[in-house]
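Structure at a glance
Here is what each chain is made of, one letter per residue.
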Amino acid sequence: MDYIAECETLKNKALEQLETVADDITLAAFFAEFLAKKGSISSLMNHMREIAPTDKAAFGAAVNGARKIVDEAYQEKKAAIEAKKLDQKLAAEAIDITLPGRKEPIGKKNPYYEVIDEVTSIFLTMGYEVAEGRDVETDLFNFELLNVPKDHPSRDMQDTFYIEGDDDLLLRTQTSAAQAHAMLEKNPKGPIKLICPGKAYRRDDDDMTHSHQFAQIEGLVIDKNISMAHLKATLELFAKKMFGEKREIRLRSSYFPFTEPSVEVDVSCFNCGGKGCAMCKGTGWIEILGAGMVNPKVLKACGYDPDEWTGFAFGVGVERVAMLRYGIDDIRRFYANDIRFLEPFAGK
Ligand code: DAH
């Protein structure tokens, strides 16, 4: 038998069959049939024993030559199949740039922070510092130093959350505690001009207008010769910047233990301009904060000589201002965590 011719025939058969190979599976079958160790081309070598010694070299060369050619064609085919697979994958994963984009929701600022930031920036332009208060206070700073002794009736108005196991530690009921810190910690004693925005806590039953947790912005100014006129001018400027140029304020006599005299401050209604509407309950005025001249007893307790220094203080309820300004009907909305609450404030 002419094994060299057989070699040629097998090579041609393999190349012809390779033409029909189109995927990984038929490619693997092709390899097993022709090129593997036990494949038909390698198996040709089994005939070596039957070849005449003078023809052995030529036969070996013929087998190797055939294997080389088939193997090269196989490698080429393999690369072509890989390339085709990659093309298919790319086509399948192609991005259609004409599709409309998916809308990502944009975060909105809670009106509560809107008010805090706005009030803060108004007082910053008037040269105030921003003090950081602390939520957990001692009885001393929240009450005693502010002229609210243990048996004082105003403590009932501010039913307090005490920290369990400690009669002296509490969640502050008012940001006014920051006043005592500022005055006591000022060394040497000198002028103070600060605001302190922060949370306050009271054992209130939550309803539409009461919350166990709310925010206040405290203000404190201490200097020589500070008078009620400074307080009035400051609050008037604040009211105009916050609620509009046309706003006016009015002071009503009131009582707070840490101020003397004390006032409640109303701003002319920014809804009806003072004519009377539902928002101002027909009065034309809306109460926005409490204020007064720092009580000499407080100055003294905090290390300031009341004969030398005077000052004024005020406290703004953040949620109240936000509710009036944005027409929010229920204080609980600020912390209920319902994202729909924020929708109307987009872009404000
Ligand atoms: N701390 C008072 C409250 O929680 C608000 C307040 C009133 C603060 C008068 C002041 C002030 O600084 O002078 O109701």
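Source: prediction; values computed, not measured. (Residues numbered from 1 in each chain as written. Predicted model: local features only at pLDDT ≥ 70, side-chain atom pairs only at ≥ 80, totals over all residues. Heavy atoms only, no water.)

What follows is about the overall build of the chain. If you tally the helices and strands in the chain, you get 11 helices and nine strands. Here the C-alpha atoms of the chain give a radius of gyration of 43 Å, more than 25% beyond the 20 Å that 2.2 N^0.38 yields for 348 residues. Once the C-alpha set of the chain is aligned to its principal axes, its extents read approximately 130 × 50 × 40 Å. Going through the 348 residues of the chain one by one, you find that 40% of them count as buried. Contacts in the chain between residues at least 24 apart in sequence constitute 65% of all its contacts with a sequence separation of at least 6. A total accessible area of about 19800 Å² is found for the chain, and carbon and sulfur atoms account for 54% of it. Distance between charge centres in the chain, computed from 45 positive and 56 negative side chains, equals 3 Å. (Helix = DSSP H or I, 4+ residues; strand = E, 2+ residues; numbered from the N terminus. Rg over C-alpha atoms; globule rule 2.2 N^0.38 Å. Buried < 20%, exposed > 50% of the residue type's maximum accessible area, 1.4 Å probe, protein only. Contact = heavy atoms within 4.5 Å. Areas by Shrake-Rupley, 256 points an atom, 1.4 Å probe, with all protein chains shown as cover. Lys, Arg positive; Asp, Glu negative; His and termini not counted. Charge placed at Lys NZ, Arg CZ, Asp CG, Glu CD.)

On to the pattern of salt bridges. This structure, assessed with the given rule, holds 21 salt bridges. With a closest N to O distance of 2.7 Å, Glu118 and Arg325 form a salt bridge. With a gap of 207 residues between them, Glu118 in helix α5 (residues 111-125) and Arg325 in helix α11 (residues 318-326) connect regions that are remote in the sequence. Here Asp266 and Arg250 are joined by a salt bridge, their closest N and O atoms 3.0 Å apart. Here Arg250 lies in strand β6 (residues 249-256) and Asp266 lies in strand β7 (residues 259-268), a separation of 16 residues in the sequence. The network of salt bridges with common partners includes Arg250, Arg252, Glu264, Asp266 and Glu287. (Salt bridge = Lys/Arg side-chain N within 4 Å of Asp/Glu carboxyl O.)

Geometry of an aromatic ring pair is reported as the spacing of the ring centres plus the angle between the planes. Counting across every chain of the model gives 14 aromatic pairs. On the numbers, 5.2 Å between centres and 45° between planes, the contact of Phe31 with Tyr74 is tilted. With Phe31 in helix α2 (residues 24-35) and Tyr74 in helix α4 (residues 56-92), the pair connects residues that are 43 residues apart, well separated along the chain. A residue is classified by how much of its surface remains accessible, and Phe31, at 33% relative accessible area, is partly exposed. Look at Tyr112 and Tyr113: their rings are 4.9 Å apart centre to centre, the planes differ by 85°, and that puts the pair in the edge-to-face class. On the basis of relative accessibility, which here comes to 9%, the residue Tyr112 falls in the buried class. Under the relative-accessibility criterion, Tyr113 is labelled partly exposed at 42%. (Phe/Tyr/Trp six-rings, centres within 6.5 Å; stacked < 30°, edge-to-face > 60°.)

Quick look at the environment of Pro153 now. Note that Pro153 resides in the loop between α6 (139-142) and α7 (154-157). Relative accessible area serves as the criterion here: at 58%, Pro153 is assigned to the exposed category. Residues Pro153 and Val294, spaced 141 residues apart in sequence, show a C-alpha to C-alpha distance of 19 Å.

A few words now on the packing of helix α1 (residues 3-20) against α2. Between two packed helices, what matters for the description is the angle formed by their axes and the separation of those axes. The geometry of α1 relative to α2 is characterised by a closest axis approach of 11 Å and an angle of 175° between their N-to-C directions. By the criterion of interaxial angle, the relationship of α1 to α2 is roughly antiparallel. Facing α1, whose interface residues are Leu10, Lys13, Ala14, Gln17 and Leu18, α2 presents Leu27, Phe30, Glu33 and Phe34. Split by residue class, the contact of α1 with α2 holds six nonpolar, one polar and two charged. (Axes fitted to C-alpha atoms, helices over the stretch in contact; angles between N-to-C directions. Parallel < 35°, antiparallel > 145°, perpendicular 65-115°, else oblique. Nonpolar A, V, L, I, M, F, W, Y, C, P; charged D, E, K, R; others polar.)

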